[in-house]
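The primary structure of each chain is shown beneath.
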Amino acid sequence: METINWKNEFSVGVKEMDEQHKKLLGMINRLIEEQHTLTDPRTIADLLTEMTDYAQVHFRAEEFLMAEYGYEQISVQEKQHQAFIDKTISFYSATDIGPNVLSVALLDYLGTWLVGHILQEDMKYKDFFKSKELR
Ligand SMILES: [Fe+2]
């Protein structure tokens, strides 16, 4: 997995959401970048926990806006967000201390999921929030 560069086409038109997506992408990129130098299981577990915690903060903020503005596909979003958290946790909670290595499968999953979710699911709310004049 290579690090992922932010592209304009990732923009969902809502500044706060773009900023949060960028921050989350940055956290995933750091794991990708340091995959060969991170060897301490505790450090790996901490970074994954930090990323997962931030993903939760972002998902709650996104779902809050959807609920606030009456976005109809909120339940699809909630399910996908939860699946991401569950899957990520299952990758690193196999042992008490966390994984000994950052697996290629995990890094692939994180990067592919985020980009895919933004482009396929989040992009669907772009016009909706635009019509509500949310920027
Ligand atoms: Fe989302």
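Rules of the game
- Residues numbered from 1 in each chain as written.
- Predicted model: local features only at pLDDT ≥ 70, side-chain atom pairs only at ≥ 80, totals over all residues.
- Heavy atoms only, no water.
- Helix = DSSP H or I, 4+ residues; strand = E, 2+ residues; numbered from the N terminus.
- Rg over C-alpha atoms; globule rule 2.2 N^0.38 Å.
- Buried < 20%, exposed > 50% of the residue type's maximum accessible area, 1.4 Å probe, protein only.
- Contact = heavy atoms within 4.5 Å.
- Areas by Shrake-Rupley, 256 points an atom, 1.4 Å probe, with all protein chains shown as cover.
- Lys, Arg positive; Asp, Glu negative; His and termini not counted.
- Charge placed at Lys NZ, Arg CZ, Asp CG, Glu CD.
- Axes fitted to C-alpha atoms, helices over the stretch in contact; angles between N-to-C directions.
- Parallel < 35°, antiparallel > 145°, perpendicular 65-115°, else oblique.
- Left-handed = near helix turned anticlockwise from the far one by under 90°.
- Nonpolar A, V, L, I, M, F, W, Y, C, P; charged D, E, K, R; others polar.
- Donors = N, O, S within 2.8 Å, 3.2 Å for Na, K, Ca; no water.
- Core = buried A, V, L, I, M, F, W, Y, C linked by side-chain atoms within 4.5 Å.

Undergrad: Break down the overall build of the chain for me, citing the residues and quoting the values.
TA: Within the chain, the regular secondary structure consists of five helices and zero strands. Along the chain, helices and strands appear, N-terminal first, in the series α-α-α-α-α. For 135 residues, the compact-globule estimate of 2.2 N^0.38 gives 14 Å, and the C-alpha radius of gyration of the chain, at 15 Å, lies within 12% of that figure. Counting only C-alpha atoms and orienting by the principal axes, one finds that the chain spans roughly 50 × 25 × 20 Å. When the 135 residues of the chain are sorted by exposure, 46% land in the buried category. Of all intrachain contacts in the chain linking residues separated by at least 6 positions in sequence, the fraction that spans at least 24 positions is 78%. With the model as given, the accessible surface of the chain reaches about 7,400 Å², and the carbon-plus-sulfur share is 51%. Looking at the chain, you have 14 positive and 23 negative side-chain charges, and the mean spots of the two groups are 5 Å apart.

Undergrad: I'd like a rundown of the packing of helix α1 (residues 15–33) against helix α2 (residues 41–69), residues and numbers included.
TA: At a minimum axis distance of 10 Å, the contact between α1 and α2 shows a crossing angle of 165°. Comparing the axis directions of α1 and α2 gives the class roughly antiparallel. Between α1 and α2 lies a crossing whose hand is left-handed. Contacts between α1 and α2 involve Glu16, Met17, Gln20, His21, Lys23, Leu24, Met27, Ile28, Arg30 and Leu31 from the former and Leu47, Leu48, Glu50, Met51, Tyr54, Ala55, His58, Ala61, Glu62 and Leu65 from the latter. Its residues placed into classes, the contact of α1 with α2 shows twelve nonpolar, three polar and five charged.

Undergrad: I'd like to hear about the coordination of the iron ion, residue by residue, with values.
TA: At this site the iron ion is bound by Glu62 (OE), Gln77 (OE1), His81 (NE2), His117 (NE2) and Asp122 (OD), with donor distances of 2.2 to 2.4 Å. Within one chain, the residues serving as donors to the iron ion are arranged as E-x14-Q-x3-H-x35-H-x4-D. A residue pair is termed long-range when its members are at least 10 positions apart, and Glu62 in helix α2 and His81 in helix α3 (residues 74–92) qualify at 19 residues.

Undergrad: Explain the nonpolar core residue by residue, including any values.
TA: Ranked by internal contacts, the top residues of the largest apolar core, which has 40 residues, are Leu31, Leu48, Phe84, Leu102, Leu110 and Phe129. Going through the elements one at a time, α1, α2, α3, α4 (104–121) and α5 (126–131) are the ones with two or more residues in this core. Looking at this core, the element that brings in the most residues is α2, giving ten residues. Here Leu110 is in contact with Ile28, Leu31, Leu48, Met51, Phe84 and Thr88, once residues within four sequence places are set aside.

Undergrad: So what's going on with the packing of α1 against α4? Which residues, and what values?
TA: Axis separation between α1 and α4 bottoms out at 10 Å; the angle between their running directions is 160°. Judged on the interaxial angle alone, α4 and α1 are roughly antiparallel. For the element pair α1 and α4, the recorded crossing hand is left-handed. Contact with α1, carried on its side by His21, Leu24, Leu25, Ile28, Leu31 and Ile32, involves Leu107, Leu110, Gly111, Leu114 and Ile118 of α4 and no other residues of that element.

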